[in-house]
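# What the coordinates show
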Amino acid sequence: MASARSHDGPGPLRRAGRAVGRALRTPFTLTGRGIRKATHAHGAGESGLGKLIELHAVNGAGDVMITVALASTVFFSVPTDQARGRVALYLAVTMAPFILLAPVIGPLLDRLPHGRRAAMAGSMLARAVLALTMSGAVATGGLELYPAALGVLVCSKAYGVVRSAVVPRLLPPKFSLVKANSRVTLAGLLATGAAAPIGAALQLIGPPWPLYGACAIFAGGAVLAFTLPPKVDSAKGERRAQLVPPLGEHPPRPEPSRTSSTRTGTTSSKDAGGSRGRKRRENGERRPGLRSVGPSVLHGLQANAAHRALSGFLIFFLAFLLREHPLAGQSAAISLGIVGVAAGVGNALGTAVGSWLRARGPEVIVASVLGLALGVAVLAAVFFSTVMVAALAATAGLTQALSKLSLDAMIQRDVPEEVRTSAFARSETLLQMSWVVGGAIGIALPLNGVLGMAVAAGLLALGAAASVRGLLGAARRGSPHPRVA
């Protein structure tokens, strides 16, 4: 009898264990399947874009973990005056060298057309190692923290440049570039929003723990980068782009590209691109520069630089302003939360709207959203209040997303395929530099709300003065190239 009971006993226990295991595993399995279904929809799985979307989500999650750890050390752990000094030191030690390094990133990555997967994996792996390096210094805020933070910043921006260059290689059939970038960007935003509270919870355990989490995430990202399709590393039909033509020379305007009816309606045929490239080499012509493709791309870059400068400015200026002078009736933490959520919602909404609009008339969109942001910034300066600060944060997020997606569409439409990848790399580098400049202004400015909003409006006014007239003129003339469908 005892033998029979001992034989029958484990059966129900095993079944109960399996049931509990399935119950615990099911939410994660269903979530994973749902994510995979969303990222691989509409041909993104077959083209490889789905893998890039997932990789960018991993990148966003890892970056926000490091941001939580650094913010807690550099910003939240000390009084405001000391925090300003620490952040100023952070900017000096990390951002200033980055300004010098940023122009090198694009040309350097241009020389690695066959190693884009390795470059993205390398940026992930380097950040994993640097996160571990910072974990020992994050509690004390010692000077050794800053060189590692600089390395993380450079690797993050290098990844962003390569990612922008890779997207055109992974477009599914009948998929516009603006829609592809919308999906990639939205995945990064969602991952950032999901990882931020996890990073905050890890911070409660101890200052190094968000960095341990970042290390694990980036290590996984390094492996995921090599699952991208091999065509990511193909450089067939590509040549490097120049931001400006050589001094005293005026490269010829590229001929309108032949369109493909099976893709976006704007993608040049590879055979035609290769033929034009051979003719240029035979005739001794120099490679085309971005100025040779008409005014839209350059004016779009100027407008986007204003948006990026505004973003960097608001991040640093409002962080200190709201810590020292919270919004009416709110604590500093709640004030920062209101502004952060408003900016995040605006950014996500702009990305979603950009995908829906499919960048029809991108010059008009860029000019319109720049005018919208300028108008809200002026109102925030005149009627400074909780509502207006939150409105400016949301508007800045929305307009930056729409403007960047429209710039992507203009590059796709106006830049020949053989230099388009390089153009994405270089434009992204310029935009990152603009963010650095805006952040430096934000940290240096006195903590006066009205003054800060006036400076924000001034940054946008400079961008509008440089770009809006040219954008609207280009829109009236019409592009010689087919518009994005």
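An account of the accompanying structure is given in this report.

Calculation rules
- Residues numbered from 1 in each chain as written.
- Predicted model: local features only at pLDDT ≥ 70, side-chain atom pairs only at ≥ 80, totals over all residues.
- Heavy atoms only, no water.
- Helix = DSSP H or I, 4+ residues; strand = E, 2+ residues; numbered from the N terminus.
- Buried < 20%, exposed > 50% of the residue type's maximum accessible area, 1.4 Å probe, protein only.
- Contact = heavy atoms within 4.5 Å.
- Areas by Shrake-Rupley, 256 points an atom, 1.4 Å probe, with all protein chains shown as cover.
- Salt bridge = Lys/Arg side-chain N within 4 Å of Asp/Glu carboxyl O.
- Core = buried A, V, L, I, M, F, W, Y, C linked by side-chain atoms within 4.5 Å.
- Phe/Tyr/Trp six-rings, centres within 6.5 Å; stacked < 30°, edge-to-face > 60°.
- Expected span 1.5 Å × (residues − 1).
- Axes fitted to C-alpha atoms, helices over the stretch in contact; angles between N-to-C directions.
- Parallel < 35°, antiparallel > 145°, perpendicular 65-115°, else oblique.
- Left-handed = near helix turned anticlockwise from the far one by under 90°.
- Nonpolar A, V, L, I, M, F, W, Y, C, P; charged D, E, K, R; others polar.
- Polar contact = N/O pair within 3.5 Å; in protein donor to acceptor, adjacent residues only side chain to side chain.
- Patch = residues over 30% accessible without salt bridge, like charges linked within 9 Å, V, L, I, M, F, W, Y side chains within 5 Å.

## Quick notes on the overall build of the protein
Along its length, the protein carries 16 helices and zero strands. Considering the protein as a whole, with its 485 residues, one finds that 54% of them fall into the buried category. Counting contacts in the protein only where the partners sit at least 6 residues apart, residues at least 24 apart contribute 85% of the total. If you sum the accessible surface of the protein, you get close to 21200 Å²; carbon and sulfur atoms cover 66% of it.

## Quick look at the pattern of salt bridges
Evaluated as defined, the whole model comprises two salt bridges. Notably, a salt bridge pairs aspartate 63 with arginine 127, separated by 3.0 Å at the nearest N-O pair. With aspartate 63 in helix 4 (residues 49–76) and arginine 127 in helix 6 (residues 116–135), the pair connects residues that are 64 residues apart, well separated along the chain. As far as the burial class goes, aspartate 63 and arginine 127 line up, both buried.

## Topic: the nonpolar core
Leu52, Leu55, Ile66, Met120, Met134 and Leu318 are the most contacted members of the largest nonpolar core, which totals 94 residues. No other element matches helix 11 (residues 295–324), which puts twelve residues into this core.

## What to know about the side chain of serine 434
Looking at the element boundaries, serine 434 is found in helix 15 (residues 417–444). Residue contacts for serine 434: discarding those within four places in its chain leaves Ala305, Arg308 and Ala309.

## Focus: the packing of aromatic side chains
Per the stated rule, a full pass over the model turns up three aromatic pairs. Ring centres 5.3 Å apart and planes at 85 degrees place the aromatic pair tryptophan 209 and tyrosine 212 in the edge-to-face group. Within this pair, tryptophan 209 and its partner tyrosine 212 are both found in helix 9 (residues 209–225), separated by three residues, close to a single helical turn. Tryptophan 209 gets classed as partly exposed once you look at its relative accessible area, which sits at 40%.

## Quick word on helix 13 (residues 362–382)
With 21 residues, helix 13 should cover 30 Å at 1.5 Å per step; its first-to-last C-alpha distance of 30 Å lies within 8% of that length. Among the residues of helix 13, those classed as buried are Pro362, Glu363, Ile365, Val366, Ala367, Val369, Leu370, Ala373, Val376, Ala377, Ala380 and Ala381.

## Focus: the packing of helix 11 against helix 13
Closest axis-to-axis distance for the helix 11/helix 13 pair is 10 Å, and the angle between their directions is 25 degrees. Taken as axis vectors, helix 11 and helix 13 run roughly parallel relative to one another. Considering only the axes of helix 11 and helix 13, their crossing is left-handed. In this structure, helix 11 contributes Ser296, Ala303, Ala306 and His307 to the contact, and helix 13 contributes Glu363, Val366, Val369, Leu370 and Ala373. Classifying every residue of the contact of helix 11 with helix 13 by side-chain character gives six nonpolar, two polar and one charged.

## Some details on the side chain of serine 403
Relative to the helices and strands, serine 403 resides in helix 14 (residues 386–414). You can call serine 403 buried: its relative accessible area is 0%. Here the side chain of serine 403 touches asparagine 304 through a polar contact of 3.0 Å, side chain to side chain. Serine 403 has contacts with Asn304, His307, Val366 and Val369, leaving out every residue within four places of it along the chain.

## Let's talk about helix 14
Taking 1.5 Å of rise per residue, 29 residues should cover 42 Å, and helix 14 covers 42 Å from first to last C-alpha, within 8% of that figure. Of all the 29 residues making up helix 14, 25 are buried; the element is thus mostly covered by neighbouring parts of the structure.

## Side note on a nonpolar patch on the surface
On the surface, a nonpolar cluster with roughly 400 Å² of combined accessible area is contributed by Leu132, Ile205, Trp209 and Tyr212. On the secondary structure map, isoleucine 205 appears in helix 8 (residues 177–205). By relative accessible area, which is 57% here, isoleucine 205 ends up exposed.

## As for the environment of glycine 206
Here glycine 206 is to be found in the loop between helix 8 and helix 9. When its relative accessible area of 10% is taken as the criterion, glycine 206 is described as buried. Sequence spacing of glycine 206 and alanine 69 is 137 residues, and the spatial spacing of their C-alpha atoms is 9.6 Å.

## Describing the environment of glycine 442
One can find glycine 442 in helix 15. Taking the relative accessible area as the measure of exposure, glycine 442 reaches 1% and is therefore buried. Put simply, glycine 442 and serine 311 are 131 residues apart on the chain and 9.9 Å apart in space, counted from C-alpha to C-alpha. When residues no more than four places from it in sequence are discounted, the contact partners of glycine 442 are Phe313, Phe316 and Phe317.

## Some points on the packing of helix 6 against helix 7 (residues 145–166)
Two elements in contact, helix 6 and helix 7, have axes whose closest approach is 9 Å; the angle formed by their N-to-C orientations is 160 degrees. When the interaxial angle is binned, helix 6 and helix 7 end up roughly antiparallel. Between helix 6 and helix 7 the crossing geometry is left-handed. Here Arg116, Ala119, Met120, Ser123, Met124, Ala126, Arg127, Leu130, Thr133 and Met134 of helix 6 lie close against helix 7, whose contacting residues are Leu145, Ala148, Ala149, Gly151, Val152, Cys155, Ser156, Tyr159, Val162, Arg163 and Val166.

## A few points about the environment of leucine 379
When you line up the elements, leucine 379 lands in helix 13. Contact partners of leucine 379, with chain neighbours within four places excluded, come to Phe384 and Met388.

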